Amino acid sequence: MADKYAWPAENERAYIGKRISRVDGPFKVSGRAKYTYDYNPKGLLYGAVLRSPYPKARIVSIDTSAAEKMPGVKSVHIVQKDPTGKPVTIQFAGDDVVAVAAQTEDQAEDALRAIKIQWEVLPHFVQDEKEPSGPLQGPTVMSQDDLVGALSNQMPQGQLIQQLKTNGVSFKVDDEFIKQMKQFNIPQPIIDAVQQAPYHPEAQNQPQSPYKEVRNETKGDPDSGFKSADVTHEGLYGSTVITHCCMEAHGVVAEWPDPDHLLVHISTQSVSSMPGQIAGGLKAQGVNIDAANIRVEQQNVGGGFGSKFSADRWGVYVPMLSKKAGGAPVKVMLERDAELEVAGARPSHYARVKIAATRDGKITAWDANGWGTGGPGGGAAPPLPYVFDVPNQRNRYISVSTNTGPSRAWRAPQHPQAAVITMGALEDLAAKLNMNPVEFFRKNIEYVTEARRQIYLDELDIADKMMNFSSRWHPRGQGGSGMMRQGLGLSIHTWGGRGHNSNCDFTIHPDGSVDIKMGTQDLGTGTRTAILIVAADTLGIPMEQINLHIGDSSYPTSGGSGGSTTIGGVSSSTRRGAVDARDALFAKVAPALGSTPDKLVARNGKIFVEGDESKALTWKQACAKIGPMPITVQGKNPGPENLTNSGVGGVQMADVSVDTETGIVKVNKMVAVQDCGLVIDLKTAESQVLGALVMGVSYALFEEKIYDPSTGVMLNDNMEFYRLAGLGDIPEMQVHMMTGKGYDERGVIGLAEPPTVSPGAAISNAVANAIGVRVPYLPITPDRVLQALESEEKGARA
Amino acid sequence: MRAFEYAAPKERRQALGLLGRSWGDTEILAGGTDLLSLMKDDIVTPKRLVNIKGVAGPELHAIMRKQNGVQIGALVHLADLPSASDIRERYPMLADAAMEAASPQIRNMATMGGNICQRPRCWYFRNGFGLLGQKDGKSLVMEGDNRYHAILGNEGPAYFVSPSSIVPSLIAYGAKVTLASASGTREVALEKFFVIPKDENQREHDLRPDEMLTLVTLPAPPAGAKVAHYEVRQKAAFDWPLATCAALLEMNGGTVKSARIVMGHVAPIPWVSNEAAQAMAGKPVTEETADAAGAAAVANAKSLGRNGYKIKLARVAVKRAILMAAKGGQA
Ligand SMILES: Cc1cc2nc3c(=O)[nH]c(=O)nc-3n(C[C@H](O)[C@H](O)[C@H](O)COP(=O)(O)OP(=O)(O)OC[C@H]3O[C@@H](n4cnc5c(N)ncnc54)[C@H](O)[C@@H]3O)c2cc1C
């Protein structure tokens with residue numbers, strides 16, 4: 001049986017591909033779902049954290065003696081302590097400095113005020129919007145922050161390895177670091193390159209320019225590409241730093257039931273990797289505990305979006321506080337301001353782009369000078385040009401180191417920013433040619449990777465019809481004559497999304513009950529539901545009959561939920577486990593049915609002989625034949641036969657109105673057409689896309705981390721001025737999932753990232769189409785719109 | 001939050017007796033929607049909190065007709081303003097402004113008195129740099145990010161904007177506030193209640209530390225007056241406005257006899273624009289006259305560097321409020 005694990009054909013699916021509501025929906029809306037915040041064991045101590053008021057400062061001394069004697073205080077832990085005793089330099093305001101645990105929150109806060117810190121305040125730099133001017137850093141020796149930044153923002157592997165090889169690293173690469181990289185599933189070639197990178201400790205203390213060239217590449221012959229063109233356009237594009245803004249803040253509850261065992265509840269996207277990360281972090285604090293003796297639990301998480309892969313400082317200092325308090329449970333959940341300051345940042349990317357085409361709309365050359373910040377470590381270059389690998393390119397990128405909260409992977413790392421830059425430049429060029437961008441994109445489809453050309457063409461067609469784009473499209477700036485202008489815009493995107501490594505224990509009990517144990521997590525995306533759908537479809541029994549256990553590091557390991565890898569991973573391991581368990585059951589019942597296992601079918605709650613449903617046992621009757629010992633098998637991914645795949649397209653279109661007197665943009669409608677191989681649950685897939693559109697409207701129009709140039713603190717570290725779209729700001733949204741022939745047989749592909757990529761670019765393009773001028777940066781706020789209109793007016797007058 | 005003494009007096013006299021002599025001693029707690037965040041963020045750190053919500057009697061809690069006007073108790077919730085027929089029918093601009101403020105949850109807790117006395121949202125103030133946002137004698141607002149700061153009355157050292165989006169409507173209706181202390185009461189025109197502080201020890205209102213705001217009194221609305229309140233807000237709802245305007249037009253046939261134009265979120269105080277009012281006097285309401293009034297309203301406005309766009313927004317707010325008023329208050 002060569003293809004025994006293969007996904008069932010459409011006519012054999014009871015659940016897969018149907019619209020199925022989330023199994024945990026009722027628990028969530030009724031408040032019964034428990035989050036890290038809700039875990040309040042007896043004797044809980046409250047942690048509080050002293051954070052740096054300065055964006056850059058050296059800690060000369062810390063005196064916690066008074067705090068330790070305060071009423072109710074059970075433990076104090078200095079977070080910023082260098083094991084070698086060197087003074088620590090803080091790199092961004094809000095960084096954790098000292099943590100305290102006390103019997104009440106107020107006592108903990110009072111204790112913080114009793115801590116005396118002597119600071120040596122150093123000059124800081126938080127400016128990233130302006131084009132870099134001034135000297136660049138010399139050979140770019142990578143610090144640990146640089147490396148983590150490059151990894152979490154997906155610097156292309158070749159580029160990263162080259163950089164490590166030629167420039168080296170400024171930090172000592174020890175076994176612990178290598179181990180951690182392995183835990184994060186960093187590809188082996190990168191780990192090798194890190195290990196072999198020349199060590200330049202002297203680079204650590206060099207006074208450095210904030211600007212560092214991290215990309216300078218030429219492909220083809222840009223100069224002649226521009227020369228041969230009929231039309232050239234130059235423009236400025238970008239998006240500012242935003243934060244993840246998870247509804248549930250980051251946080252931890254840790255306790256030591258005995259001195260050798262640690263129990264941690266943590267808000268995380270990666271349950272299985274937590275014990276190893278925490279053990280590594282504790283070791284650096286002088287506490288030795290085997291990862292095997294750390295148990296991590298998390299039943300629900302209120303969003304992660306890429307910001308919750310690491311154990312983080314709090315994943316280590318909360319266990320330290322607990323240890324010092326005799327093992328009593330200690331809780332630290334980040335306050336909203338800290339959450340916005342330190343626990344989430346998507347790098348900014350800006351670029352001046354020059355792009356050219358022939359009169360009939362064929363792109364001939366691309367030249368981009370980009371820059372942006374991912375915090376103190378600078379950051380990696382975005383993948384420019386995005387999706388369209390046009391001929392004759394020059395790409396230069398300067399990473400800007402700023403004393404701002406470090407970046408973390410943010411849903412489709414780098415892609416939304418790259419789309420804003422690329423799709424903006426393309427749309428501007430199309431406008432110059434007076435061409436409908438749908439037509440322009442089609443004209444240049446040959447620059448898209450061959451595997452997805454037809455997919456994009458099909459998706460463009462469908463989106464065009466859903467939006468009535470081409471029939472309603474008007475040339476730039478002709479969106480009405482009054483103060484309200486209407487416009488249409490579009491963007492396309494791509495993502496990988498192959499399933500990660502995943503394991504599960506799959507058990508069928510003699511009484512017919514079934515349980516699955518898997519160390520995965522459900523970020524709210526419907527992971528639980530998807531696992532149950534696959535298991536139920538394979539066993540031919542209702543989803544309700546299966547018990548699923550996830551969110552516990554004592555279960556078989558399953559990958560972190562990031563990079564759209566979860567659905568492919570968990571559905572594949574579940575499918576393999578379910579098939580093997582079912583086949584083991586078939587082997588037990590075949591004699592009773594007077595048949596052989598390969599002839600049996602499990603469907604509709606029955607096991608029967610293929611072609612003769614009269615020879616059947618109910619599920620329960622069949623399981624009774626198992627004998628006293630249940631059937632337990634392991635499901636794995638990867639494994640035999642490929643059940644998951646990689647590489648999707650996706651097209652989105654936006655319809656906006658702009659009030660040209662106030663600069664306020666209203667998104668009227670968004671259309672999203674998306675492929676992701678075989679869809680496990682159509683409803684949660686559509687929801688995933690809808691959620692991405694909501695998030696996209698939010699970052700397109702509202703979100704921005706604002707830093708004060710003089711004090712270097714984040715000014716809008718609250719949800720009043722760090723704006724998120726509200727209900728009234730959400731447009732009409734239509735989603736179309738590409739399913740059926742051509743898609744289903746590809747296998748399961750992840751979906752979380754791709755639909756988040758295009759909204760910003762599509763909305764920005766729609767605004768340009770409406771008002772006749774590009775608003776260079778996201779978010780598209782009234783001040784930026786009015787400024788763009790004003791510069792257009794000035795230009796027209798000049 | 002720091003430890004504090006908590007008092008929940010049942011009587012007005014008792015409450016007034018508990019108030020301190022200087023700022024820092026006591027704060028009055030009403031709905032707490034602003035005060036609690038200020039205390040959690042360590043911006044306001046009173047030694048004693050006097051919760052006045054339990055103070056008995058209708059004075060603080062009721063909306064009452066008085067002669068031809070109306071009296072609104074300081075503890076009336078914002079949510080109750082639009083639903084009170086006295087307000088909805090006779091002061092529709094106030095009802096609208098209250099409806100648009102904050103969110104339903106906040107309106108259910110927030111009170112009239114608290115709304116008037118709420119503190120500025122200036123992000124330097126809220127980040128612990130003082131009401132004036134100064135550091136080492138320099139204005140952080142001027143040196144830093146002033147995209148949401150004042151464009152009028154911004155000679156300094158105060159650059160924040162007056163936060164209430166309801167007060168401009170109250171002022172347009174000619175509201176007065178009653179301020180009570182243990183030694184008596186005084187009545188002040190709401191317009192005069194707001195002051196631009198000159199140093200860090202002053203507050204932005206003429207409230208003394210030992211005083212409680214007890215009543216807001218509105219005179220009868222001028223017969224046949226046309227009113228409207230307009231907010232320029234980036235989000236559709238639940239968002240601090242970038243500029244607002246309350247317009248009250250007394251008409252004489254087809255022309256404006258006299259106008260009250262009060263702008264919000266443009267200056268450290270609610271900004272009464274006599275210039276805009278004069279520009280409308282004797283004129284019919286047209287796109288042109290309304291725009292001219294808007295232009296007059298911002299003739300003296302000045303950008304602090306990053307907030308120049310707000311000059312345009314304020315002008316548009318004035319124009320649109322006037323046009324809306326003329327159309328009967330509907331957008
Ligand atoms: C997210 C958010 C959005 C908001 N949006 C808006 C908006 O769009 N428009 C708007 O106008 N407001 C808005 N607000 C502010 C809100 O309206 C005020 O917080 C509220 O009106 C304050 O009333 P309160 O009763 O809760 O006052 P409290 O928080 O109890 O008190 C506020 C201040 O007033 C003082 N005070 C209260 N009552 C009296 C009294 N009777 N006498 C003397 N001093 C008193 C207190 O001591 C304190 O200094 C918003 C608030 C939030 C949190």
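Residues numbered from 1 in each chain as written. Chains lettered and ligands numbered in written order. Predicted model: local features only at pLDDT ≥ 70, side-chain atom pairs only at ≥ 80, totals over all residues. Heavy atoms only, no water.

Trainee: Before we go on, may I ask you to explain the overall build of chain A in this structure?
Mentor: Secondary structure assignment for chain A yields 22 helices and 27 strands. Over its C-alpha atoms chain A spans a radius of gyration of 28 Å, differing by no more than 12% from the 28 Å that the globule rule assigns to 798 residues. Dimensions along the principal axes, computed over C-alpha positions, put chain A at roughly 90 × 70 × 50 Å. Relative to its full complement of 798 residues, chain A shows a buried share of 62%. In chain A, once contacts between residues fewer than 6 apart in sequence are set aside, the share between residues at least 24 apart is 81%. Accessible area for chain A stands at about 29500 Å²; split by element, carbon and sulfur atoms hold 51% of it. Here chain A carries 78 positive and 88 negative side-chain charges, and the mean point of each set is 2 Å from the other. (Helix = DSSP H or I, 4+ residues; strand = E, 2+ residues; numbered from the N terminus. Rg over C-alpha atoms; globule rule 2.2 N^0.38 Å. Buried < 20%, exposed > 50% of the residue type's maximum accessible area, 1.4 Å probe, protein only. Contact = heavy atoms within 4.5 Å. Areas by Shrake-Rupley, 256 points an atom, 1.4 Å probe, with all protein chains shown as cover. Lys, Arg positive; Asp, Glu negative; His and termini not counted. Charge placed at Lys NZ, Arg CZ, Asp CG, Glu CD.)

Trainee: Would you mind going over the domain arrangement of chain A with me for this structure?
Mentor: Reports of interface size often rely on the accessible area that becomes lost once the parts have come together. Residues and elements named next belong to chain A. If you check the domain split of chain A, you get domain 1 (10-33 + 499-637), domain 2 (36-124 + 250-333) and domain 3 (355-497 + 645-797). One C-alpha centre belongs to domain 1, the other to domain 2; they are set 39 Å apart. With 19 residues of domain 1 at the interface, the matching set in domain 2 holds 17 residues. Both sides together, the interface formed by domain 1 and domain 2 hides about 1300 Å², and carbon and sulfur atoms give 42% of it. Taken as a group, Leu 523, Gly 551 and Ser 553 account for 35% of the area that domain 1 buries against domain 2, more than any other trio of residues on that side. Its salt-bridge partner being Asp 552, residue Arg 295 comes within 2.5 Å of it at the nearest N-O pair. Linking domain 1 with domain 2 are eleven residue pairs in polar contact (both at pLDDT 80 or more), by the criterion used here. Of the residues contributing to the side of domain 1 that touches domain 2, the split by class is four nonpolar, eleven polar and four charged. (Domains from an automatic or database assignment. Buried area = accessible area lost by both parts, 1.4 Å probe. Salt bridge = Lys/Arg side-chain N within 4 Å of Asp/Glu carboxyl O. Polar contact = N/O pair within 3.5 Å; in protein donor to acceptor, adjacent residues only side chain to side chain. Nonpolar A, V, L, I, M, F, W, Y, C, P; charged D, E, K, R; others polar.)

Trainee: Please clarify how the sheet that holds strand β10 (residues 261-266) of chain A should be interpreted in this entry.
Mentor: What holds strands together in a sheet is hydrogen bonding between their backbones, with the strands either parallel or antiparallel. Residue and element names in this part refer to chain A. Ordered in space as β3-β5-β1-β12-β9-β10-β11, the seven strands form an open sheet in which the pairing is mixed. Across the chains shown, the open sheet's two edge strands, defined by having one partner strand only, are β3 (73-78) and β11 (294-297). Strand-to-strand twist in this sheet, taken as the mean axis angle between neighbours without regard to direction, amounts to 20 degrees. With six bridges connecting them, strand β1 (residues 45-51) and strand β5 (residues 96-102) associate as antiparallel partners. Bridging across to β5, Ala 48 finds its partner in Val 100. Sheet strands in contact with helix α9 (residues 274-284) are β9 (251-258), β10 and β11, and its direction is about 130 degrees off that of β11. Sitting on the sheet, helix α10 (residues 314-324) touches β1, β3, β5, β9, β10 and β12 (330-333), and the angle it makes with β9 is about 40 degrees. (Pairing = 2+ DSSP bridges. Axes fitted to C-alpha atoms, helices over the stretch in contact; angles between N-to-C directions.)

Trainee: How should the packing of aromatic side chains be read in this particular structure?
Mentor: Geometrically, a pair of aromatic rings is defined through the distance of the ring centres and the angle of the planes. All names here are of chain A. Summed over all chains, the structure comprises 13 aromatic pairs over all chains. Their ring planes at 70 degrees and their centres at 5.2 Å tell us that Phe 171 and Phe 177 sit as a pair that is edge-to-face. Residue class for Phe 171 comes out buried when judged on its relative accessible area of 7%. Judged by relative accessible area, Phe 177 falls into the buried class, the value being 11%. A centroid spacing of 4.5 Å and a plane angle of 45 degrees characterise the contact between Tyr 350 and Tyr 777, whose relative ring orientation is tilted. With Tyr 350 in strand β13 (residues 349-357) and Tyr 777 in strand β27 (residues 777-778), the pair connects residues that are 427 residues apart, well separated along the chain. For the pair Tyr 350 and Tyr 777, a shared accessibility class is recorded, and that class is buried. Taking NZ or CZ as reference, Arg 32 lies 4.6 Å from the ring centre of Phe 27, over its face. (Phe/Tyr/Trp six-rings, centres within 6.5 Å; stacked < 30°, edge-to-face > 60°. Lys NZ or Arg CZ within 6 Å of the ring centre and 35° of its normal.)

Trainee: When you look at the confidence of the model for chain B in this model, what are you seeing that I'm missing?
Mentor: Should the pLDDT be low somewhere, the predicted coordinates at that spot are not to be read in detail. Averaged over every residue, the pLDDT of chain B is 97; residues scoring 70 or more account for 99%. Reported for the predicted complex are a pTM of 0.95 and an ipTM of 0.97. (pLDDT = per-residue confidence, 0-100.)

Trainee: Sorry, what's going on with the interface of chain B and chain A here?
Mentor: Taken residue by residue, the interface counts 30 residues in chain B and 35 residues in chain A. A combined buried area of about 2900 Å² lies between chain B and chain A, and 51% of that area is made up of carbon and sulfur atoms. If you look at where chain B meets chain A, you find eight salt bridges. Notably, a salt bridge pairs Arg320(B) with Asp659(A), separated by 2.7 Å at the nearest N-O pair. Linking chain B with chain A are 15 residue pairs in polar contact (both at pLDDT 80 or more). Secondary structure elements with two or more residues in the side of chain B that touches chain A: α9 (123-126), α10 (140-143) and α15 (308-326) of chain B. Considering each element in turn, the side of chain B that touches chain A owes the most residues, six residues, to α15(B). Looking at side-chain class alone, the side of chain B that touches chain A contains 13 nonpolar, three polar and 14 charged residues.

Trainee: Quick question: what am I supposed to make of the sheet that holds strand β17 (residues 502-508) of chain A here?
Mentor: Residue and element names in this part refer to chain A. Spatially, four strands are ordered β19-β18-β17-β23 in an open sheet, and the strand pairing comes out mixed. Two strands bound the open sheet, and with one partner strand each, they are β19 (546-549) and β23 (631-637). On average, adjacent strands in this sheet sit at an angle of 20 degrees to one another, irrespective of strand direction. Here helix α16 (residues 527-539) sits on the sheet and contacts β17, β18 (514-517) and β19; the angle it forms with β19, its principal contact strand, is near 145 degrees. In the packing of helix α17 (residues 566-589) onto the sheet, the strands contacted are β17, β18 and β23, and the crossing angle to β23 comes to about 150 degrees.

Trainee: Sorry if this is basic, but what is going on with the site of the ligand here?
Mentor: Taken together, 30 residues are adjacent to the ligand, and Ile28(B), Gly31(B), Thr33(B), Thr111(B) and Ser165(B) come closest. The local environment of the ligand is shared, drawing residues from chains A and B. At 3.2 Å from an oxygen atom of the ligand is found a side-chain nitrogen or oxygen belonging to Glu27(B). One of the backbone N or O atoms of Ala102(B) is found 3.2 Å from an oxygen atom in the ligand. Compared with its free state, where it exposes 970 Å², the ligand has 95% of that area covered by protein. (Near = heavy atom within 4 Å.)

Trainee: How should the domain arrangement of chain B be read in this particular structure?
Mentor: All names here are of chain B. Assigned domains within chain B: domain 1 (58-117 + 162-219) and domain 2 (226-327). Counting residues at the interface gives 21 residues for domain 1, matched by 22 residues for domain 2. For the pairing of domain 1 and domain 2, the buried interface totals around 1800 Å² over both sides, and the portion due to carbon and sulfur atoms is 66%. Considering only the surface of domain 1 that becomes buried against domain 2, Met 93, Glu 100 and Ser 162 emerge as the three largest contributors, covering 29% of it. Note that Arg 233 and Glu 100 form a salt bridge whose closest N and O atoms lie 2.7 Å from each other. Summed over the shared surface of domain 1 and domain 2, the result is four residue pairs in polar contact (both at pLDDT 80 or more). Grouping the constituent residues of the side of domain 1 that touches domain 2 by class yields 14 nonpolar, five polar and two charged.

Trainee: It is not clear to me how the nonpolar core should be interpreted in this structure. Could you clarify?
Mentor: Across soluble globular proteins, you tend to see nonpolar side chains buried next to one another. With 100 residues, the main nonpolar core has Phe388(A) and Ile763(A) as its most contacted residues. Non-local contacts of Phe388(A), meaning those with residues more than four positions away in its chain, are made with Met423(A), Leu426(A), Phe441(A), Asn444(A), Tyr447(A), Val448(A) and Ile492(A). Counting residues in each nonpolar core, the second largest holds 67 residues, with Tyr124(B), Phe160(B), Met263(B) and Ala325(B) among its members. (Core = buried A, V, L, I, M, F, W, Y, C linked by side-chain atoms within 4.5 Å.)

Trainee: Honestly, helix α3 (residues 105-113) of chain A in this entry has me stumped. Any pointers?
Mentor: Each α-helix winds once per 3.6 residues, and so residues spaced three or four apart point in a common direction. Inspection of α3(A) places Ala108(A), Ala111(A) and Leu112(A) among the buried residues, and these make up the whole buried set. Taken around the axis of α3(A), the buried residues stretch over an arc of 105 degrees, which confines them to a single face. (Arc of directions from axis to C-beta.)

Trainee: Is there a simple way to explain the pattern of salt bridges in this structure?
Mentor: Between side chains of opposite charge, a pair can form when the charged atoms approach closely. Enumeration according to the criterion identifies 64 salt bridges over all chains in this entry. Across the pair Arg774(A) and Asp428(A) runs a salt bridge, and its minimum N-O distance is 2.9 Å. Here Asp428(A) lies in helix α12 (residues 415-432) and Arg774(A) lies in the loop between α21 (759-771) and β27, a separation of 346 residues in the sequence. Taken as a pair, Arg774(A) and Asp428(A) share a single burial class, namely buried. A salt bridge links Arg315(B) to Asp291(B); its shortest N-O distance comes to 2.9 Å. Of the two residues, Arg315(B) sits in helix α15 while Asp291(B) sits in helix α14 (residues 287-297), which places them 24 residues apart along the sequence.

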